[in-house]
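A look at the structure
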Amino acid sequence: MPVTKTLADLSKAMREIDFAMLSTHTDGGAIAARPMSNNAQVDYDGDSYYFTTDDTRMVRDIGRDPRVGLSFLGKSGMLGMRPFFVAVEGEAELVRDRAAFDDHWSPDLDRWFEQGTATPGLVMIHVHAARVHYWDGEDEGEVSL
C-alpha cells in the first residue's frame, strides 16, 4: 500500500532540484514554458519565488492570466528508483518591491542579474501553489494547499 507523502517530504526532495519549468498561458491560448532557477536548498512550503525582468513574455502572460504551472524533475526518487517528478498548479503574483527581493535573493542569482536587486526592471514572480502532484517510482499522490 503506497505511503502518502506530506509537503514536508516533498520539500526535502525538492531541495536538490536546481531548475523548474514555469508554464504560463499566452495571449493566443498556447502554453509557454521556460526554465527558472529553483535556487536549490530552499525549503518549499507551497510558495516559490523566481526573478526575471519586466520586458519578458512571461511577465506579460502572468499579468493577463496568473494561473501557472511548475514542473520539477529530480535525479532519482526518494526511494532510489525512478526519477522524482513534481507538478505544481498555482497562481503567480508579480512583485516589484525591492525590499521583498532581498528576502528571496541568493548570490547565485548574480550570474543572471549583475546588478543584483538593483537590476533595472527586475520583477519577482511569487507562485502560490494550490495543488502539488508527485510521482516517485511506483508511488504517486497529491497534496492540496
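Here's what I pulled together on the structure shown here.

Conventions adopted
- Each chain has its residues counted from 1, following the order in which its sequence is written.
- Local features are withheld for residues below a pLDDT of 70 in this predicted model, meaning they are given only at 70 or higher, and side-chain atom pairs are given and counted only at 80 or more; totals for whole chains, interfaces and linings count all residues.
- As a rule here, side-chain values cover all heavy atoms of the structure and leave hydrogens and water aside.
- Side-chain rings of Phe, Tyr and Trp, where Trp is taken by its six-membered ring, are said to pair if the distance between their centres is within 6.5 Å; with planes under 30 degrees apart they count as stacked, over 60 as edge-to-face, and otherwise as tilted.
- Put simply, DSSP marks the helices as runs of H or I at least four residues long and the strands as runs of E at least two long, and each gets a number from the N terminus on.
- Remark: exposure states derive from per-residue accessible area (1.4 Å probe, protein chains only) relative to the maximum for the residue type, with buried under 20%, exposed over 50%, and partly exposed in between.
- Criterion for a charge above a ring: Arg CZ or Lys NZ at most 6 Å from the ring centre, at most 35 degrees from the ring normal.
- For this document, the term salt bridge refers to a Lys or Arg side-chain nitrogen within 4 Å of an Asp or Glu carboxyl oxygen.

Topic: the packing of aromatic side chains
For the structure on display, the rule yields four aromatic pairs. Measuring from ring centre to ring centre gives 4.8 Å for Phe51 and Trp105, while their planes differ by 70°; the resulting arrangement is edge-to-face. Residue Phe51 is located in strand 3 (residues 47-53), and its partner Trp105 is located in the loop between helix 3 (98-104) and strand 6 (122-136); the two are separated by 54 residues in the primary sequence. Taking the relative accessible area as the measure of exposure, Phe51 reaches 7% and is therefore buried. Here the aromatic cluster, defined as three or more aromatic residues joined through ring pairs, consists of Phe51, Phe101, Trp105 and Phe113. Taking NZ or CZ as reference, Arg111 lies 4.5 Å from the ring centre of Trp112, over its face.

Describing the pattern of salt bridges
According to the stated counting rule, one finds seven salt bridges in the structure shown. We note a salt bridge from Lys5 to Asp136, for which the minimum N-O separation is 3.7 Å. Taken together, the residues Lys5 in the segment before helix 1 (7-14) and Asp136 in strand 6 connect sequence positions 131 residues apart. Residue classification places Lys5 among the buried residues on the basis of a relative accessible area of 10%. Residue Asp136 is classed as buried on the basis of its relative accessible area, which comes to 0%. In this structure, the salt-bridge partner of Arg34 is Asp61, at a minimum N-O distance of 3.9 Å. On the criterion of sequence distance, the pair formed by Arg34 in strand 2 (residues 31-37) and Asp61 in helix 2 (residues 57-64) is long-range, its members being 27 residues apart. A relative accessible area of 14% means that Arg34 is categorised as buried. For Asp61, a relative accessible area of 2% translates into the label buried. Through salt bridges with shared partners, one network takes in Arg34, Arg57, Asp61 and Arg64.

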